[in-house]
Structure formats: C-alpha cells, structure tokens
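Geometric and topological summary
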Amino acid sequence: MAPFVEVCRYKPVPLSLSSLCTCPCRFSPRKSLTLPHFSEKYSNLGLVESKALSRSRFSRIPVNRRVIITAVARAESNQIGDDGNSKEEHSRDQEELEIIEEDSSVDDQKQKSRSQFKKRVIFGIGIGLSVGGIVLAGGWVFTAALAAAVLLSAREYFELVRSKGIAQGMTPPPRYLSRVCSVICALMPILTLYFGHIDISVTSAAFVVAMALLLQRGNPRFSQLSSTMFGLFYCGYLPCFWVKLRCGLTAPVLNTGIGTSWPIILGGQAHWTVGLVAILISFCGIIASDTFAFLGGKAFGKTPLISISPKKTWEGALAGLVGCISITILLSKSLSWPQSLVSIIAFGVLNFFGSVFGDLTESMIKRDAGVKDSGSLIPGHGGILDRVDSYIFTGALAYSFVRLHGV
C-alpha cells in the first residue's frame, strides 16, 4: 500500500523536504502516491505542486515527479477534526471574551462616575464658598455677580429654545433678539438695586421685545413671542427677588449671636439683616434639599416622581424635604429668625417646593430640547442654568414669606 499523508485543517507551516520524502526502499517509478479525498473540514489546507490537483475522490500523483507537499498537522485538541468540540470551545471563548469586555466596560463606567463625582464635589465646594462670600458682601458685589449669572443662564436658555428638539415643533426667536433679551435679563437685577422695584423695567422690556418680533421680516409667530416672554420672566424677572431680599430688607436681626461678635469694620451687628439671614437659610435649605434628595434616591428610590425627570423618586423627594426642614430649623435657631417653630417649618417647606419646582421646570425644557445639560461651563455640573434652576422660583417665595411674616 502506498504511503499517504493525511493532513488536517489547522494552520499549515512549511516542513523540511526530508520529513516529507517517501521511503527509499519503496521507491518505484511506476508507483504513485495515493492521497485520500479531503473533506470540507480540510478545505483550507495549502498544497504546493507543479500541477493543480483535481477534486476527485482520490488523486494519484506520480512519485518520480517529486511533488513537494508543504503542510502540517497542527492539532489544537486531542481529537483531530472534531467539529463539535471545536465549535463548543469557540463559543466558550467568545462568551469569556464577552464577559471580560462587559467587566472592563463596567469598570470604566465606575471609574468615570467616580471622577465625575470627584469633580462635582470639588467644584461644588468652590462654588459654595464663593457664593457665601458674595452673599455676605451684599450690595453691588452681590448684584453684579447675580447679573453675570443671569446673563449666562439667559444665553443657555435661548440656546435651548433654538435647539433641534424644541425648534422642530415651533419657530424660535431670531438670534439677534435672543442676545438682546439676554442683555435685558442681566440689566434687570441692576435696575432693581437702583430703583428698588422691577415693574417698570419688566414692562418696558416686554414692550420692546414684542415690537421687535412684530416688525421683523417674514411672518411673526406666536411661538417666538411666547418663548421670548417666558425667557424674560424666567431668567430676568424671577432672579431679581434675590436682590430685593438681600438688599431691600435692611432691618437688623437683634438676637442673633453671630451679629454681636461680627467685626465693626465689616458692618457690625447691623450687617446681619433679615434679608441676609433669610437668604442664607434659603440657600442652605436648597443645598440640603438637593443633597438629601440625591442620597435618599440612591439608597431607597423605587417610585418614580414624574415622567419628565425619570431619575427623581418619591423617596428621594421625601428625604429632600426632611433635609431642608432640618437645616432650616438648625439655622433658624442659631440665627434667631424666625422665632416660632411653625414659621420655621413653613419657611423650610416653601424653600423645598420652590427648589423642586425650579428643577422640574428646567428638566422639562431640557427634555424638549433633547439634551442632558444646558451647557458645559462647570465641570461635573453642566451649565449655569443646571446649577441655579433650584433658586429661580425660590427667591420669589422667600421674599413673599418675609414680607407676609414680617421682620
């Protein structure tokens, strides 16, 4: 029987000539080397010969032509040609690779979330300290800082209005008019500090904007007017109540302990007015509300609060309410305003609902715009509007409470 070589489908590598030569004792010019038919599983075998081999059941190659067959049987398993086992091993390898990729992606997400949380904490502390110093300074320092924040927030708002998500269902106002409205919003806090009220400024601004929209080229749209008027109200009119609260209510808090020890060069006890105490309590209550709501939602959140903000839960909202009232009670007792426990709790509840309502309003705008953040100015926090949304409606509620409660 003529010698034959059976080769498998695994990766072929060249062999030496001596290892493939037939035995000299069996050499005969009449004999031929008989190779069995190669099945499909050996179809990727590489053969080098002087003439192409046919695909018949047997291929006879004369030995005297000294055909050099370069092949290797490189077994990767004990049973050569076992397709079932190789397929199982291949599927197992793929599953292992998928598991490894999933683990690596999960690790990357955890690392990104940690770095994001770290940035959020660092910049949050820096912003909190800066805002605290600005609030304590009051006057033109507070008003100028608020005007700058209003200008940036108004620009982000009108960019959201002009985004693809909102613009598909409405006609946005012209770009030049959006910039003019942003400047008008920034001037409102300054006019409030100078005149003491903002009725005339708001009315004048609304009249000018409405006339500009009506006299523009093309066909004016009601959506342009409504989005612009809401922008003036949302970004310009409502923040002015913080100026009225900080700079307009100048009656001093008499029984506060920190006021008696406050340096005279910084204003002495008269520096601690009702407006300053109220704004400090409101700011701290909003921060406590957001923090406790975030932690409570992470730990116990199961029931969604509202569809426009799927991540918010009733459990987180309840935790935020408890945190806001608790901080309000602690600060009110230490600053000696308000005096009664009922007034303190009512003030904390107003701050909480103003914070939540402002947050949900901005979430609705971003959801319609199809974006996650209003901007990217603050690393880890998004835009300015993302940080001040909880304060927009709270200022009006806090000012109204102080005026109704009395100093």
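All of these numbers come straight from a predicted model, not from anything done at the bench. (Residues numbered from 1 in each chain as written. Predicted model: local features only at pLDDT ≥ 70, side-chain atom pairs only at ≥ 80, totals over all residues. Heavy atoms only, no water.)

**Topic: a nonpolar patch on the surface**
Side chains of Phe117, Val121, Ile125, Leu129, Phe294 and Leu295 sit close together on the surface and give an oily, nonpolar patch of about 610 Å² of accessible area. Every element with two or more residues in the nonpolar patch is listed here: helix H2 (83-137) and helix H10 (274-300). It is H2 that contributes the most residues to the nonpolar patch, four residues altogether. As for its placement among the helices and strands, Leu129 is situated in helix H2. (Patch = residues over 30% accessible without salt bridge, like charges linked within 9 Å, V, L, I, M, F, W, Y side chains within 5 Å. Areas by Shrake-Rupley, 256 points an atom, 1.4 Å probe, with all protein chains shown as cover. Salt bridge = Lys/Arg side-chain N within 4 Å of Asp/Glu carboxyl O. Helix = DSSP H or I, 4+ residues; strand = E, 2+ residues; numbered from the N terminus.)

**Examining helix H14 (residues 394-405)**
Here H14 is 12 residues long and its end C-alpha atoms lie 16 Å apart, about the 16 Å a rise of 1.5 Å per residue gives. If you check which residues of H14 are buried, you get Thr394, Gly395, Ala396, Ala398, Tyr399, Phe401 and Val402. Looking at the buried side of H14, the elements it contacts are helix H8 (240-248), H10, helix H12 (341-369) and helix H13 (384-392). Looking one or two residues past H14, Gly406 carries a phi angle of roughly 90 degrees, positive in sign. (Expected span 1.5 Å × (residues − 1). Buried < 20%, exposed > 50% of the residue type's maximum accessible area, 1.4 Å probe, protein only. Contact = heavy atoms within 4.5 Å.)

**A word on the packing of helix H3 (residues 139-161) against H13**
Between H3 and H13, whose axes approach to 9 Å, the crossing angle comes to 110 degrees. Compared by their axis directions, H3 and H13 come out roughly perpendicular. Residues Ala149, Leu152, Ser153, Glu156, Tyr157 and Leu160 of H3 lie in contact with H13, whose contacting residues are Ile384, Leu385 and Val388. Across the contact of H3 with H13, the residue classes tally to seven nonpolar, one polar and one charged. (Axes fitted to C-alpha atoms, helices over the stretch in contact; angles between N-to-C directions. Parallel < 35°, antiparallel > 145°, perpendicular 65-115°, else oblique. Nonpolar A, V, L, I, M, F, W, Y, C, P; charged D, E, K, R; others polar.)

**Describing the confidence of the model for the chain**
The pLDDT averaged across the chain works out to 78; a share of 73% of its residues lies at or above 70. At the level of individual helices and strands, the chain shows its lowest average pLDDT in helix H1 (residues 17-20), which scores 44, and its highest in helix H11 (residues 314-335), which scores 95. Contacts for the low-pLDDT stretch residues 1-81, under 50 throughout, to residues beyond four places or in other chains number 93 contacts. (pLDDT = per-residue confidence, 0-100.)

**Quick look at the packing of helix H6 (residues 199-214) against helix H7 (residues 222-237)**
Here H6 crosses H7 at 155 degrees, and the two axes come no closer than 10 Å. In terms of orientation, H6 lies roughly antiparallel with respect to H7. When the axes of H6 and H7 are compared, the crossing they make is right-handed. Facing Val202, Ala205, Ala206, Val209, Ala210 and Leu213 of H6, the residues of H7 in contact are Gln224, Leu225, Thr228, Met229, Leu232 and Tyr237. A per-class count over the contact of H6 with H7 returns 10 nonpolar, two polar and no charged. (Left-handed = near helix turned anticlockwise from the far one by under 90°.)

**Focus: the packing of aromatic side chains**
Within this structure, the stated rule accounts for 17 aromatic pairs. Ring centres 5.7 Å apart and planes at 20 degrees place the aromatic pair Phe233 and Tyr237 in the stacked group. One end of the pair, Phe233, and the other, Tyr237, are both in helix H7, four residues apart, so they sit about a helical turn from each other. When the centroid spacing of 4.8 Å and the interplanar angle of 70 degrees are considered together, the rings of Phe357 and Phe393 count as edge-to-face. On the criterion of sequence distance, the pair formed by Phe357 in helix H12 and Phe393 in the loop between H13 and H14 is long-range, its members being 36 residues apart. Assessed through its relative accessible area of 14%, Phe393 is described here as buried. In textbook terms, an aromatic cluster arises when at least three aromatic residues are bridged by ring pairs, as seen for Tyr157, Phe158, Phe230, Tyr234, Phe357 and Phe393. (Phe/Tyr/Trp six-rings, centres within 6.5 Å; stacked < 30°, edge-to-face > 60°.)

**Brief notes about the nonpolar core**
Residues Tyr157, Tyr234, Trp242, Leu245, Ile279, Trp337 and Val402 are the most contacted members of the largest nonpolar core, which totals 55 residues. Here this core takes nine residues from H10, the largest share from any one element. Residues within four places of Tyr234 in sequence aside, it is in contact with Tyr157, Pro239, Gly358, Thr361, Glu362, Ile365, Leu385, Asp389, Ile392 and Phe393. (Core = buried A, V, L, I, M, F, W, Y, C linked by side-chain atoms within 4.5 Å.)

**A look at helix H5 (residues 175-195)**
The end-to-end C-alpha distance of H5 is 30 Å, a good match for the 30 Å that 21 residues give at a rise of 1.5 Å each. Met188 marks the point of greatest bend in H5, at about 25 degrees, and the proline Pro189 comes within the next four residues. Among all positions in H5, only Leu177, Ser178, Cys181, Ser182, Ile184, Cys185, Ala186, Met188, Pro189 and Thr192 are buried. The secondary structure elements touched by the buried residues of H5 are H3, H6, H7 and H8. Phi turns positive one or two residues past the end of H5, at Gly196, with a value near 90 degrees. (Bend = angle between axes of the 7 residues up to and from the residue.)

**Brief notes about the UniProt feature "transmembrane region" (unreviewed entry) in the chain**
The feature "transmembrane region" (unreviewed entry), as given by UniProt, occupies residues 121-154, 194-215, 227-245, 272-295, 316-335 and 341-360 in the numbering adopted here. Across residues 227-245 one finds 89% helix and 0% strand; the C-alpha atoms that close the span lie 27 Å apart. Secondary structure content for residues 341-360 is 100% helix and 0% strand, and the end C-alpha separation is 29 Å. (UniProt positions renumbered as here; feature names shortened; annotations may be inferred.)

**Describing the pattern of salt bridges**
On inspection of all chains with the given rule, the structure shows four salt bridges. Between Arg175 and Glu159 there is a salt bridge whose closest N-O contact spans 3.3 Å. In this pair, Arg175 sits in helix H5 while Glu159 sits in helix H3, placing the two residues 16 residues apart along the sequence. Judged by relative accessible area, which is 44%, Glu159 ranks as partly exposed. Of the charged contacts, one joins Asp386 and Lys366 as a salt bridge, the two residues approaching to 3.1 Å between their closest N and O atoms.

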